[in-house]
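Residue-level structure breakdown
These are the residues of each chain, in order.
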Amino acid sequence: MTAQPARLSLTIAMVAALALTACGQRPSQTRAGETAAPLVIGVSLPLTGDFAQPGSEAKRGYEIWRDMVNPAGGVLGRQVELKIVDDASNQDTVVADYTKLITQDKVDLVLGTFSSLLNYPASAVAEKNRMVFVEPAGGAPDMFTRGFQYLFFAQPATAPRQADVFVNWVKSLPEGERPKTAAYPSQDDPFALPVIESMRQQLEALGVKTVYNEVYPADTTNFQSVASTLASKKPDLVAQGAVFEDGVGLVRSLKQLGFSPEMLFQTSAPSNSSQYSEGVGEANTEGVFYTVSWNEKADTPLNAEFVAAYRKAYDAPPAEDAADAFAAAQVLQAAVQAVGVVDQDKIKDWLHANTVQTLLGPLSWKDNGEPEGSFLLAQWQGGKVEVVGPPELATTKTVVNPKPGWE
């Protein structure tokens with residue numbers, strides 16, 4: 001089949017939900033010290049369903065931020081209370097959740113959910129109600145074509161630009177070491193697919209021949225057919241638009257068939273830390289590339305404290321999705337503290353005009369909420385993750401190439 005771009009569309013139920021007016025609006029401002037009531041932040045996350053794994057990591061990131069902020073006095077002298085509900089990875093549910101959080105529960109602030117698929121309708125609810133919406137995930141291009149003013153993506157760049165750092169690494173290779181052929185299987189996901197499409201186009205321009213380019217449904221669980229086709233075509237590079245379980249599933253299927261490409265790139269799946277290495281087997285992570293917004297070793301604001309708190313709480317290294325959520329909360333906190341009041345318009349205007357220092361590094365935004373930075377190229381090496389590009393930010397000079405066979 002021909003690869004088709006994923007579409008982000010609102011169902012009739014969503015449109016109906018967005019048409020609701022925010023009855024009984026909250027006061028537009030709450031001044032520092034005016035009340036000791038908790039500062040309530042509403043969040044809907046996919047704690048069950050297709051996005052449960054990264055959604056649960058986002059929850060951990062938000063909660064670690066809260067647990068670090070409150071002992072230090074909270075925000076504006078108010079203790080932070082997170083009101084987190086489960087959207088079950090469903091677009092209709094996420095619309096209902098944010099509508100209720102804003103119009104009925106009258107939370108003071110909101111933070112975003114996980115994935116472009118859910119943040120697309122969720123951010124529309126926030127925009128309708130003139131609420132600042134800082135999202136930790138959701139870099140699909142369609143997110144930023146709607147002229148929204150209250151939307152901010154708390155990662156360094158959008159989905160299509162994730163491919164750039166890997167393509168730049170390929171360009172840096174001697175001609176004889178570059179892949180000659182490539183295969184591009186991707187989940188029909190509004191974030192993963194643009195990454196893979198951008199990579200395909202850029203690598204084709206470099207002369208890398210495409211031998212496979214297919215999109216599979218988001219609920220696919222059996223990857224034997226995809227793996228069999230890849231094994232028959234024997235591409236030098238497999239670049240997969242993978243969220244999590246599909247990334248693990250394809251590796252397992254390729255292993256069963258005994259086909260191991262010289263290069264393997266996956267989008268989000270390898271960023272899930274120990275869950276990924278446990279899913280595919282630690283030895284089979286060796287040499288896997290992915291692009292990443294965050295580096296555990298980075299000397300950025302509160303990064304060391306975040307890593308230590310996560311390891312203490314969960315006895316595991318942090319996943320990128322947890323770090324992204326922590327950064328989204330940092331962004332919202334910085335703006336609220338800078339303006340000194342819970343005023344959505346002032347918070348929005350401040351974010352449009354300023355750079356925020358986060359554990360991901362400095363974040364700033366275009367008028368449409370699109371970030372202005374770039375990603376890192378990461379690779380699993382020796383059971384841990386190293387940053388291998390760009391060179392000035394690399395944590396090692398070693399790049400595993402070609403990828404060793406499965407074990």
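Note on numbering: residues in each chain are counted from 1, in written sequence order. Under the rules for a predicted model, residues below a pLDDT of 70 receive no local features and side-chain atom pairs below 80 are neither given nor counted, while totals for whole chains, interfaces and linings still include all residues. The basis for every side-chain value is the complete set of non-hydrogen atoms in the structure, without hydrogens or water.

Concerning the overall build of the protein chain
Quick note on the threshold: Numbering goes from the N terminus for both helices and strands, where a helix is a DSSP run of H or I of at least four residues and a strand is a run of E of at least two. Computation of the radius of gyration draws on C-alpha atoms, with the globule rule given as 2.2 Å multiplied by the number of residues to the power 0.38. Only protein chains enter the accessibility calculation, which uses a 1.4 Å probe. A residue is then buried if its area is under 20% of the maximum for its type, exposed if over 50%, and partly exposed in between. Residue contacts are counted whenever heavy atoms from the two residues lie within 4.5 Å of one another. Counted charges follow a simple rule, with Lys and Arg positive, Asp and Glu negative, and His plus the chain ends left uncounted. Just so you know, the charge point we use is NZ for Lys, CZ for Arg, CG for Asp and CD for Glu.
From N to C terminus, the protein chain includes twelve helices and 14 strands. Taking 22 Å as the expected radius of gyration for a compact globule of 407 residues, we find that the protein chain reaches 21 Å, a close match to that expectation. In terms of overall dimensions, the protein chain has C-alpha extents of about 65 × 45 × 35 Å along its principal axes. By the burial criterion, 57% of the 407 residues in the protein chain qualify as buried. In the protein chain, the proportion of contacts linking residues at least 24 apart, taken out of those at least 6 apart, comes to 71%. Within the protein chain, the 47 negative side-chain charges are centred at a point lying 2 Å from the centre of the 32 positive side-chain charges.

Topic: the pattern of salt bridges
Proximity of charged atoms lets side chains of opposite charge pair with each other. Applied cut-off: Each salt bridge in this description consists of a side-chain nitrogen of Lys or Arg and a carboxyl oxygen of Asp or Glu lying within 4 Å of one another.
What the rule picks out here adds up to 15 salt bridges. Notably, a salt bridge pairs Glu296 with Arg311, separated by 2.7 Å at the nearest N-O pair. A residue pair is termed long-range when its members are at least 10 positions apart, and Glu296 in the loop between β10 (289-292) and α10 (303-314) and Arg311 in helix α10 qualify at 15 residues. We classify Arg311 as partly exposed; its relative accessible area is 38%. For the salt bridge of Glu370 with Lys366, the shortest nitrogen-to-oxygen distance reads 3.6 Å. By relative accessible area, Glu370 is classed as buried at 16%. Through salt bridges that share partners, Glu197, Arg200 and Glu204 make up one connected network.

Let's talk about the confidence of the model for the protein chain
Going by this rule: Per-residue confidence from the predictor is given as pLDDT, running between 0 and 100.
Residue-level pLDDT values for the protein chain average 91, and 91% of them are 70 or greater. For the stretch residues 1-30, pLDDT sits under 50, and the model shows 64 contacts to residues farther than four places along the chain or on other chains.

Describing the packing of aromatic side chains
Worth spelling out the cut-off: Aromatic rings from Phe, Tyr and Trp, taking only the six-membered ring of Trp, are treated as a pair when their centres fall within 6.5 Å; an angle between ring planes under 30 degrees marks them as stacked, one over 60 as edge-to-face, and anything in between as tilted. As a reminder, the over-ring test applies to NZ of lysine and CZ of arginine, requiring each to be within 6 Å of the ring centre and within 35 degrees of the ring normal.
Counting across every chain of the model gives 14 aromatic pairs. Seen in terms of ring centroids, Trp294 and Phe306 are 6.0 Å apart; in terms of plane orientation they differ by 85°. Their pairing is edge-to-face. Taken together, the residues Trp294 in the loop between β10 and α10 and Phe306 in helix α10 connect sequence positions twelve residues apart. Each member of the pair, Trp294 as well as Phe306, carries the same accessibility label: buried. Taken together, a centroid distance of 6.2 Å and an interplanar angle of 55° make the contact between Phe306 and Tyr310 tilted. Here Phe306 and its partner Tyr310 are both found in helix α10, four residues apart, which amounts to about one turn of the helix. Each of the two residues, Phe306 as well as Tyr310, counts as buried. Counting every residue linked through ring pairs, the aromatic cluster contains Trp294, Phe306, Tyr310, Tyr314 and Phe326. Across the ring face of Tyr150, the terminal group of Lys348 is positioned such that the distance to the ring centre comes to 5.2 Å. The lysine or arginine in question, Lys403, covers the ring of Trp406, its NZ or CZ lying 3.6 Å from the ring centre.

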